[in-house]
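Remarks on the overall topology
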Amino acid sequence: MKVSELFQISQFHEFKLAAGEMGTDREVRNVNMMDAPDIIDYLKPDDLLITTGYHLQHNPRFFYQLVEQMAERGCAALGIKTRRFIGGIPAEVIELANKLSFPLIDLPNSLALVDIVNQTLTMILDARTKELQFAIDTHQQFTRHIMSGESIGRLLKRLSDMIGFPAVLLDSYFKIIDAPAHEQTGSKITVHLPAVEQAFFQQQNAGYSSFSIVDTHQTLSLFVLYTYKKKRYFLLIGGFVPQTDRLLTLTVEQALNVLAFELMKDEALKQSDRKVRDAFFSNLVLGSFSTEEEIISRAKEFGFKDGRTLVCIAGELDTVKEPISFIHFQMETNDIYEYLEGEISTLPFPGHLFVKDHICVLIVEMMTSQENGYRFLKPYLQKLQDRVRHFFPQTLSFGLSNIFNDLPGIPDAYQEAVDALHAGMQIGRRSFIQAYQARGIVDLLHRIPAEDLRKLYQETLQSLAFPQKEENQDLLHTLYVYLESNCQISETAKKLYVHRNTVIYRIDKCEHILGRDLKDPDTTFQLRFALRLKPLIDNSEGISDRRKQ
């Protein structure tokens, strides 16, 4: 109950407000009596303190400090029997109370303090009982609504009708999940989403926030809703929901509870669908399906249609400078790829998302030639990169395959996209979009036994071929980037994010280990050729290991 409601109780008709009129909307949750001067140490926020004034007599400084400290602690009010011991409230105390909007109540001598306590606590308990019953009834209404199979949109419509404001459900990235069906006012509040998003993050992710839009003079309220593993959603309400309005906030809170359970159920179903979808793609890439007819048949279950013009896109998070744990990396990767899955629906062309190991794979339908298709596709991929950079502390890079026209061509297209992705990463690029470039010589090398390729690679790079020490790994990577940068020291340093003197030192060390002059064109050609063999060797060894398993 509020302080102002105390004056509406018939037994308290002799109560008089002595000061702090602007603070009568303070909430009273408990009542305490002053039986010792050190009472301030035992007071809590929203406490109403009543006293005979015995400990305040002849001590206006203590009176002043008590009011100051109670206001600082967030207490509700101070009630004093001014005609018992103190003969009135000092002027400086009244001035302070008015300044702090802290109510001072003049209590009549005719009422015993214990009667004031009992009557006030009875009113508080009655109000809490009504609130609890209201919360139970509201929760049951929302629960029955969901249990009967009604949609989240219908629940939001019911909530809107109950509180008198439109309500919209948003995901973690302020994108609309659901809104009341046929709700015209709901669309009016969604135009303010960018401003609400910016204001929310400026307030350091508060659990409840309210915002006023300057242009329209409209006030919006934003509630944070958490589900499994602290995954966050938002309930945006097109009006002001004051936390002091208990019935209004209870209605919203019960809706949040029911929405949380419904969203957790939806998340579990989506996780199950993702596992099935990703398993299909892994089997497809590994060649587990025996015929083209089987591939086409299984792909139809996931929305693919044969004979369409397709392109495969492989995406991967760029490596971070600071090492993080595997679990942390995996959680961040899952969150980002889940976000990308939601963004696919905004693309102007059909798309299918899969995850294989730590790579997300997007297969989209194109409506034009390869050159024009890339030109049309890249702006959308750049927008995805910008959104990921906005919401996450990571950046994302993409590799694009050649355009293909049949579903059995997905495994080859996937390998092209991964090759394009890794080609950009190997030279130190970040947040890039790399199209696949055909490697005719590599195709010829596929016909040479893997053991012969490994031998040639080992003989050319010697102790740098398969480095175990971190120092040798840095040397090999620097050598690769140096050769790919046409032996330009400054360009290599830029791509590796190191000083050019570091590059000079590492190249000199490579020359010493290899016993060769890296300024010699024949030497650089042999080394670049050998480094091209490494992916082929790794790939052949991976296939061999899978066959053994």
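One can find the structure itself at the top, above this paragraph.
Keep in mind that what you see is a predicted model, and the values were worked out from it rather than measured. (Residues numbered from 1 in each chain as written. Predicted model: local features only at pLDDT ≥ 70, side-chain atom pairs only at ≥ 80, totals over all residues. Heavy atoms only, no water.)

Of regular secondary structure, the chain possesses 18 helices and 15 strands. The C-alpha atoms of the chain give a radius of gyration of 35 Å, which is well past the 24 Å a tight globule of 549 residues would have. Once the C-alpha set of the chain is aligned to its principal axes, its extents read approximately 105 × 60 × 50 Å. Taking all 549 residues of the chain together, 46% fall into the buried category. Looking at the chain alone, contacts between residues at least 24 apart form 65% of all its contacts between residues at least 6 apart. Put simply, the chain shows about 29,200 Å² of open surface, and 51% of that area lies on carbon and sulfur atoms. (Helix = DSSP H or I, 4+ residues; strand = E, 2+ residues; numbered from the N terminus. Rg over C-alpha atoms; globule rule 2.2 N^0.38 Å. Buried < 20%, exposed > 50% of the residue type's maximum accessible area, 1.4 Å probe, protein only. Contact = heavy atoms within 4.5 Å. Areas by Shrake-Rupley, 256 points an atom, 1.4 Å probe, with all protein chains shown as cover.)

Counted by the stated rule, this structure contains 20 aromatic pairs. Judged by centre distance (4.7 Å) and plane angle (50°), the ring pair of Tyr-208 and Phe-223 falls under tilted. Of this pair, Tyr-208 sits in strand β8 (residues 208–213) while Phe-223 sits in strand β9 (residues 218–226), and the two are 15 residues apart along the sequence. Site record: aromatic cluster; members linked through ring pairs are Phe-280, Phe-281, Phe-289, Phe-302, Phe-304, Phe-354 and Tyr-414. Over the ring of Phe-466 we find Arg-454, and its NZ or CZ is 4.3 Å from the ring centre. (Phe/Tyr/Trp six-rings, centres within 6.5 Å; stacked < 30°, edge-to-face > 60°. Lys NZ or Arg CZ within 6 Å of the ring centre and 35° of its normal.)

Attention shifts here to the side chain of Glu-343. Here Glu-343 is to be found in helix α10 (residues 326–344). Within polar-contact distance, the side chain of Glu-343 engages the side chain of Lys-175 at 3.2 Å. Discounting residues that sit within four places of it in the chain, Glu-343 has contacts with Lys-175 and Leu-384. (Polar contact = N/O pair within 3.5 Å; in protein donor to acceptor, adjacent residues only side chain to side chain.)

Our focus in this paragraph is the sheet that holds strand β7 (residues 176–178). Read from one edge of the open sheet, five strands run β7-β6-β10-β9-β8, paired in antiparallel fashion. Each end of this open sheet is capped by a strand with a single partner; those strands are β7 and β8. Taken over all neighbouring pairs, the strand axes of this sheet differ in orientation by 35° on average, direction set aside. In the sheet, strand β6 (residues 167–170) pairs with strand β10 (residues 232–237) via four bridges, with the strands oriented antiparallel. Bridge pairing in β10 links Leu-170 to Phe-234. Helix α5 (residues 152–163) rests against β6, β7 and β10 of the sheet, and its axis sits at about 140° to β6. Across the sheet, helix α8 (residues 246–285) touches β6, β9 and β10, and the angle it forms with β9 is around 50°. (Pairing = 2+ DSSP bridges. Axes fitted to C-alpha atoms, helices over the stretch in contact; angles between N-to-C directions.)

Moving on: the pattern of salt bridges. Summed over all chains, the structure comprises 16 salt bridges. Its salt-bridge partner being Glu-365, residue Arg-308 comes within 3.1 Å of it at the nearest N-O pair. Taken together, the residues span a long stretch of sequence, with Arg-308 in the loop between α9 (292–300) and β11 (310–317) and Glu-365 in strand β13 (residues 359–365) at a distance of 57 residues. Judged by its relative accessible area of 32%, Arg-308 falls in the partly exposed class. Overall, Glu-365 belongs to the buried group, its relative accessible area being 9%. Residues joined by salt bridges that share partners form a network here, namely Arg-274, Arg-277, Glu-338 and Glu-341. (Salt bridge = Lys/Arg side-chain N within 4 Å of Asp/Glu carboxyl O.)

Right, let's get into the environment of Gln-488. With respect to the secondary-structure elements, Gln-488 resides in the loop between α15 (470–484) and α16 (489–496). Sequence separation of Gln-488 and Val-503 is 15 residues, and the distance between their C-alpha atoms is 9.9 Å.

The subject of this paragraph is the layout of surface pockets. Here the second largest pocket is characterised by a volume of approximately 1,600 Å³. If you trace the second largest pocket, you find 44 residues lining it, with Lys-231, Gln-271, Arg-274, Asp-335 and Glu-338 closest to the centre. Contributing elements (two or more residues each) for the lining of the second largest pocket: β7, β10, α8, α10 and β12 (351–356). A per-class count over the lining of the second largest pocket returns 18 nonpolar, eight polar and 18 charged. (1 Å grid on protein atoms, 1.4 Å probe; cavity = no way out; pocket = protein on both sides within 12 Å on 5 of 7 lines; lining within 4 Å. Points joined across faces, edges and corners; volume = space filled by probe spheres on them. Nonpolar A, V, L, I, M, F, W, Y, C, P; charged D, E, K, R; others polar.)

Quick look at helix α3 (residues 91–100) now. Burial in α3 covers these residues: Val-93, Leu-96 and Ala-97. Relative to the axis of α3, the buried residues are bounded by an arc of 100° and lie together on one face. Of the exposed residues in α3, those oriented more than 90 degrees away from the buried face are Ala-91, Glu-95 and Lys-99. Remark: Ser-101 follows α3 within two positions and exhibits a positive phi of approximately 55°. (Arc of directions from axis to C-beta.)

Between its terminal C-alpha atoms helix α12 (residues 410–426) stretches 24 Å, which fits the 24 Å expected from 17 residues at 1.5 Å a residue. Among the residues of α12, those classed as buried are Ile-410, Pro-411, Ala-413, Tyr-414, Glu-416, Ala-417, Val-418, Asp-419, Ala-420, Leu-421 and Gly-424. Where α12 is buried, its residues contact α8, β11, β12, β13, β14 (396–400) and β15 (433–435). Backbone geometry just downstream of α12 places Gly-428 in the positive-phi region, at approximately 85°. (Expected span 1.5 Å × (residues − 1).)

What follows covers the pairing of β13. For β13, the tally of buried residues reaches seven of seven residues, placing the bulk of the element in the interior. Here β13 shows two buried faces, one formed by Ile-359, Val-361, Ile-363 and Glu-365 and the other by Cys-360, Leu-362 and Val-364. As defined by bridge partners, β11 adjoins β13 across six bridges and the pair is classed as antiparallel. Residue pairing across strands places Ile-313 opposite Leu-362, the latter belonging to β13.

Further remarks concern the packing of helix α4 (residues 113–147) against α5. Interhelical geometry of α4 versus α5 gives an angle of 155° and a closest axis separation of 10 Å. By the criterion of interaxial angle, the relationship of α4 to α5 is roughly antiparallel. Here the hand of the crossing between α4 and α5 comes out right-handed. Contacts from Thr-138, Gln-141, Phe-142, His-145 and Ile-146 of α4 reach α5 at Arg-154, Leu-155, Arg-158, Leu-159 and Met-162. (Parallel < 35°, antiparallel > 145°, perpendicular 65-115°, else oblique. Left-handed = near helix turned anticlockwise from the far one by under 90°.)

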